[in-house]
Amino acid sequence: MSIDMSQFHQVFFEECFEGLEAMESGLLSLDIGDIDSEVINTIFRAAHSIKGGSGTFGFTVVAEYTHIMETLLDEMRDGRRQVTKPAVDVLLGSVDCLREMLTSIQNEEDVNMESAAQHQAALEMELNGTAGGGEHTAAPVHAAPIVVVVEAEPEEEVVVDEEQGWKIAFCPYLSLLKTGNDPVRLFRELSGLGELTTNVNIQDVPPFAELDPEECNISWELKLVSDATEAAVREIFSWVEEDCALELAPLAKPKKIKKPKPAAAPAPVVETAAPVVATESAPVVAAKKAAPTESDPSKNAPKASSSIRVDTDKIDTLINMVGEVVITQSMLGLIGENFTMDKVGQLKRGLAQLERHTRDLQQSVMNIRMLPISFVFSRFPRLVHDISTQLHKKITLKLVGENTEVDKAVVELINDPLVHLIRNSLDHGIEMPAERVAAGKPEMGTIELKAYHRGGHIVIEIVDDGRGMDKAKLLAKAIEKGLVEESTIMSDKQILELIFMPGFSTAEKLTDISGRGVGMDVVRRNIQSLGGNIDIISELGKGSTIAIHLPLTLAILDGQSVAVGDETYIVPLVSIIESINITEKMLNKVAGKGETFKLRNEYLPIIRMREIFNVKSGNATKSNEGVIVVVEGQGALCGFLVDELLGQQQVVIKSLEANYRRVEGVSGATILGDGSVALILDVPGLVRLSVR
Amino acid sequence: MTTDVHKKQIEQFLTFELANEVYGVEILKVQEIRGWEAVRVIPNAPSFIKGVLNLRGSVIPIVDLRERFSLEHCEYTHKTVVIVLCVKHHRTETFVMGIVADAVSDVLDIKLSEIKKAPNFGSQLDTRYMRGMHVYKKNMIMLLDVDKLLNPDELDGMDELADSISPDSEDFL
């Protein structure tokens, strides 16, 4: 029976997560104070169907939990209970808790009963009306997401209650993984004995170039709160006894472990992993590295679902289009069967029709991949709600243009940069209420998140009415950090762009929300990797606007085709600044080797495409004149010397890796109008290649 | 049907000519055969990779077997064919690649028992890519192991070899 049911699990989880999202947005709108019975009904219905579903599938934990929520909501619905802020907060916490439970179940892991119990207690307390002030209940609820086990196990606790347990120093030898042992499994077993806290030590992890993913360079400090005997603990490690150095000490002396290295560990690990992913296409290695360190409180990233829900209308349109194409094709077939010259007009009409249909067909297919941006936006009201509470700021979030459609891939990749930018606005942009009033602004700050189409692009704007950026301060900071020369004269725009420099952060104090100085350059890189760009407009005292321009789809790119010998290459239009006709004499040689071109008082390094790509075809004699395509790659300008410019066109991106492998300096291929293949240049890659 | 063939231990091979020698590949690997047409050169690729071709929307690399086997080069004519093959890699991935051959000759049913192991030529000749030999009407047919011959790692390997010879290979990445 269970086998039969499991095929519906995916659908069940999808529906649950949708329901949770509905609950969340409903709760957030309740938060404002006015009670809309329709909203409460929506939340109730969502909770009810999750309860029903999980009961059917035998996830009793979820069902029981939801039942309590439902009771609470039911009372609210009937007006027997006031909708208070604490109640809403508890419910929001429960939504998080449910989401975690469901994720664990989906990944076939054990549900973290502890945090569930905590939430449940808070809920019950709220339900029984024993909650004095909401703060009580809200506090533990908020502090209870699963990761806490690693992160925030406060040291005081160790001192307060005399815990019984073991302190384990587990230092695997490099060969641990090769013997087929997985530390995560050990930890899971350990956590079966009691409450386990892990601290990871990644000092010995070598730089990426020397990294052997099969070697275990990590060691752990574990704290097990349990009444298990030493033998029981040692038994767990018995399989790896010969592959590690193991030290066991009783936990009785709390002094000794006063500072078991704060759990900063997970963060740096992720950071070391990040550049790995960015520079080399070796996410597998990165994942391997990251996985054991995250250890048992398994907050696995939810598996990216590759399915997509498509509007039936879109499919109907598609079917219509295909029908049209088939009709046109058979019509052309008829004309071709016994063709005479007097049918030329008919043929031309047919071909024109075919062209139109094909274009429409292409568009409808592309449309299927399009999702409304609300998929991303819908997460932000919660984020703004939580963070503004945390910062004691009053902020409203306005969403505009949520129905703007973008490519699915863009939707997936734009989330992280947007979260970062919004956090920045919340933290640095909007002032404290008192400060705002003093500046003559309304107490309530506003962040506006807009999406709209312009040209072939989608524009996402984050507008805040906060304090804006102080250009003088930015410049001073940049000079202080040695990022720019003191004597440099910069335009306002250039100064604002400074915040995208790596290692630049003006936050006076670091908070856990933003200000680590690793943000904006990563944001810009992410957006550029999507083929987009990012602009800032900011006025001191009035607020900032950050505009992200993204291509509508990642499958199509605006390109400039250029000729080098007999070869045709496509340069992405976004990276081209300008193109200049030159003759050989206009180039200067530096030290007889590197070539430069003087462009308005700046010297551009020149990359000869013919040389870097070893193009032998075509007549080289003509090469004393050519075109320099000025491009921006890796933040620097650079000139590509090509034979001539051919034309601009939209090209469909095809992967070279699918059947071959990555080619240095080439980001992909496309098929030109005549059916031949053209390679798309990878501008930053070429710049790197030329430096080598 | 396939099981039937299996029982009799017979496999079908497509044979083609290359510099007056006959080679064979498993027919189940062959996706299609097409005439030679101009390809787009890939920059800095090994010389035996002629370039890439548009095969109904996917971009596939074309390998010149003459150059791969260091045979003398010959002009491509209207008889020159491209055999499009499905290459399995690491059991899970499949790649589509084309090989250039002088001409396609025949499809043969070959009993597995009649495939002889390729003799060891020592260092003179690399027989790793050979599945074996078969004698058909007194002609010798070299049966190629497509998966090994067109292994994308192998293509990489050749490249690395070239790189390690070139002096400025240290500043990688």
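Considerations on the overall build of chain B
Point 1. Assigned secondary structure in chain B consists of four helices and ten strands.
Point 2. Secondary structure elements in chain B, listed N-terminal to C-terminal, are α-β-β-β-β-β-α-β-β-β-β-β-α-α.
Point 3. For chain B, buried positions account for 29% of its 173 residues.
Point 4. Relative to all contacts within chain B whose residues are 6 or more apart in sequence, the contacts with residues 24 or more apart total 53%.

With respect to the overall build of chain A
Point 1. Looking only at helices and strands, chain A features 23 helices and 22 strands.
Point 2. A buried classification covers 30% of the 692 residues belonging to chain A.
Point 3. Considering only contacts within chain A whose residues lie at least 6 apart along the sequence, 69% involve residues at least 24 apart.

A word on the interface of chain B and chain A
Point 1. On the side of chain A, 22 residues touch chain B, which itself brings 22 residues to the contact.
Point 2. When residues of the side of chain B that touches chain A are traced back to their parent elements, those giving at least two are strand S4 (49–55), strand S5 (58–64), strand S7 (93–101) and helix H4 (152–165) of chain B.
Point 3. Considering every element that reaches the side of chain B that touches chain A, the biggest residue donor is S5(B), with four residues.
Point 4. Class assignment for the residues of the side of chain B that touches chain A results in 15 nonpolar, four polar and three charged.

Looking at the sheet that holds strand S18 (residues 625–633) of chain A
Think of a sheet as strands paired side by side through backbone hydrogen bonds, with each pair either parallel or antiparallel.
Residues and elements named next belong to chain A.
Point 1. Strand order across the open sheet formed by six strands is S14-S18-S19-S17-S16-S15, with mixed pairing between neighbours. Among the strands making up the open sheet, the edge pair consists of strand S14 (576–583) and strand S15 (587–590). On average, each strand axis in the sheet is tilted by 35 degrees relative to the strand beside it, whichever way the strands run.
Point 2. Where strand S17 (residues 602–608) lies against strand S19 (residues 636–642), three bridges are found, and the strand directions are parallel. Of the residues in S19, the one forming a bridge with Ile607 is Phe640.

Examining the nonpolar core
Point 1. A:Leu681 and B:Val52 are the most contacted members of the largest nonpolar core, which totals 68 residues.
Point 2. In contact with B:Val52, other than residues within four places in its own chain, are A:Tyr660, A:Ala669, A:Val677, B:Val39, B:Arg40, B:Ile42, B:Val59, B:Ile60, B:Pro61 and B:Ile62.
Point 3. Residues A:Phe377, A:Ile422, A:Ile430 and A:Met520 belong to the second largest nonpolar core, which totals 35 residues.

Things to note about the confidence of the model for chain A
Residues and elements named next belong to chain A.
Point 1. With 80% of its residues at a pLDDT of 70 or more, chain A shows a mean pLDDT of 74.
Point 2. A low-confidence stretch, residues 253–305 (pLDDT under 50), is modelled with 66 contacts involving residues beyond four sequence positions or located in other chains.
Point 3. The low-confidence segment residues 512–517 (pLDDT under 50) makes 19 contacts with residues lying over four places distant or belonging to another chain.

Details of the packing of helix H3 (residues 60–77) of chain A against helix H4 (residues 85–106) of chain A
Residue and element names in this part refer to chain A.
Point 1. Close contact between H3 and H4 brings their axes to 11 Å; oriented N to C, the two are set at 170 degrees. Relative to H4, the element H3 lies roughly antiparallel. Contacts between H3 and H4 pair Val61, Val62, Tyr65, Thr66 and Met69 from the former with Leu91, Ser94, Leu98, Met101 and Leu102 from the latter.

Comments concerning the sheet that holds strand S3 (residues 219–225) of chain A
Residues and elements named next belong to chain A.
Point 1. The strand order S2-S3-S1-S4 describes an open sheet built from four strands, whose pairing is antiparallel. The open sheet is flanked by strand S2 (195–201) and strand S4 (244–250), the only strands paired with a single partner. The mean angle between the axes of side-by-side strands here comes to 15 degrees, regardless of whether they run parallel or antiparallel.
Point 2. Sheet analysis places strand S1 (residues 165–172) next to S3, joined by six bridges and oriented antiparallel.

Things to note about unusual backbone geometry
Residues and elements named next belong to chain A.
Point 1. Positive phi values are uncommon outside glycine, yet His392 reaches one of about 60 degrees.
Point 2. You can see His392 is positioned in the loop between helix H16 (380–391) and strand S6 (395–400).
Point 3. Note on His392: 8 C-beta atoms within 10 Å, which makes it exposed.
Point 4. Its identity as a non-glycine residue notwithstanding, Asn614 has a phi of 55 degrees, on the positive side.
Point 5. With respect to the helices, strands and loops of the structure, Asn614 is situated in the loop between helix H22 (609–612) and S18.

What to know about the confidence of the model for chain B
Residue and element names in this part refer to chain B.
Point 1. Residue-level pLDDT values for chain B average 78, and 79% of them are 70 or greater.
Point 2. This model gives residues 157–173 a pLDDT under 50, and the stretch forms six contacts once residues within four places in sequence are excluded.
Point 3. Of the two predicted TM-score estimates for the complex, the pTM is 0.49 and the ipTM is 0.74.

Some remarks on the pairing of strand S21 (residues 666–671) of chain A
Residue and element names in this part refer to chain A.
Point 1. The element S21 is largely enclosed, with a buried count of six among its six residues.
Point 2. Examined bridge by bridge, S21 and strand S22 (residues 677–681) share five bridges and lie antiparallel to one another. Within S22, the position partnered with Gly668 by the bridge is Ile680.
Point 3. Linking two consecutive strands that pair antiparallel, namely S21 and S22, is a turn of five residues; a positive phi of about 90 degrees is found at Gly675 within it.

Re the environment of A:Phe380
Residues and elements named next belong to chain A.
Point 1. Position of Phe380 relative to the elements: it lies in helix H16.
Point 2. Under the C-beta neighbour-count criterion, Phe380 is labelled partly exposed, with 18 such atoms within 10 Å.
Point 3. Along the primary structure Phe380 and Leu418 are separated by 38 residues, whereas in three dimensions their C-alpha atoms are 9.2 Å apart.
Point 4. Apart from the residues within four sequence positions on either side, Phe380 is in contact with Leu397, Ile422 and Leu449.

Regarding the environment of A:Gln203
Residue and element names in this part refer to chain A.
Point 1. With respect to the helices and strands, the residue Gln203 is situated in the loop between S2 and S3.
Point 2. Judged by the 8 C-beta atoms lying within 10 Å of it, Gln203 falls in the exposed class.
Point 3. Sequence spacing of Gln203 and Ile218 is 15 residues, and the spatial spacing of their C-alpha atoms is 7.6 Å.

Here we look at the packing of H4(A) against helix H5 (residues 113–127) of chain A
All names here are of chain A.
Point 1. Between H4 and H5, the shortest axis-to-axis distance is 10 Å and the interhelical angle comes to 150 degrees. The orientation of H4 with respect to H5, classified from their angle, is roughly antiparallel. Every pair of crossing elements has a handedness; the one defined by H4 and H5 is left-handed. Residues Ala87, Val90, Gly93, Ser94, Cys97 and Met101 of H4 touch H5, and the partners they reach there are Ser115, Ala116, His119, Ala122, Leu123 and Glu126.
Point 2. For the contact of H4 with H5, the residue count by class is seven nonpolar, four polar and one charged.

Things to note about the environment of A:Leu92
Point 1. Structurally, A:Leu92 can be placed in helix H4.
Point 2. Dropping the residues within four chain positions of it, A:Leu92 is found in contact with A:Glu24 and A:Leu27.

Definitions and cut-offs
Starting afresh in each chain, residues are numbered from 1 along the sequence in its written order. Chains and ligands are labelled by the order in which they are written, letters from A for the one and numbers from 1 for the other. Given that this is a predicted model, residues contribute local features only at a pLDDT of at least 70 and side-chain atom pairs are listed and counted only at 80 or more, while totals for whole chains, interfaces and linings are drawn from all residues. Helical segments are the DSSP runs of H or I of at least four residues, strand segments are the runs of E of at least two, and each set is numbered from the N terminus. Put simply, a residue is buried when 20 or more other C-beta atoms lie within 10 Å of its own C-beta and exposed when 12 or fewer do; between those, it is partly exposed, and each C-beta is set from the backbone. Contact between two residues is assigned when their C-beta atoms, built from the backbone, lie within 7 Å. Side-chain classes follow a simple rule in which Ala, Val, Leu, Ile, Met, Phe, Trp, Tyr, Cys and Pro form the nonpolar group, Asp, Glu, Lys and Arg form the charged group, and the remainder, Gly included, forms the polar group. A pair of strands counts as paired when DSSP detects no fewer than two bridges linking them. An axis is simply a line fitted to the C-alpha atoms; with a helix, the fit covers only the stretch in contact. Between two such axes, the angle follows the N-to-C directions and lies from 0 to 180 degrees. Throughout this description, the term nonpolar core refers to a group of buried Ala, Val, Leu, Ile, Met, Phe, Trp, Tyr and Cys residues whose C-beta atoms join them within 7 Å. What pLDDT conveys is the predictor's confidence in a given residue, as a value from 0 to 100. Oblique is the label for every angle not falling under 35 degrees (roughly parallel), over 145 degrees (roughly antiparallel), or within 65 to 115 degrees (roughly perpendicular). Note on convention: the crossing is left-handed when the near helix lies turned anticlockwise from the far helix by less than a right angle, right-handed when the turn is clockwise.

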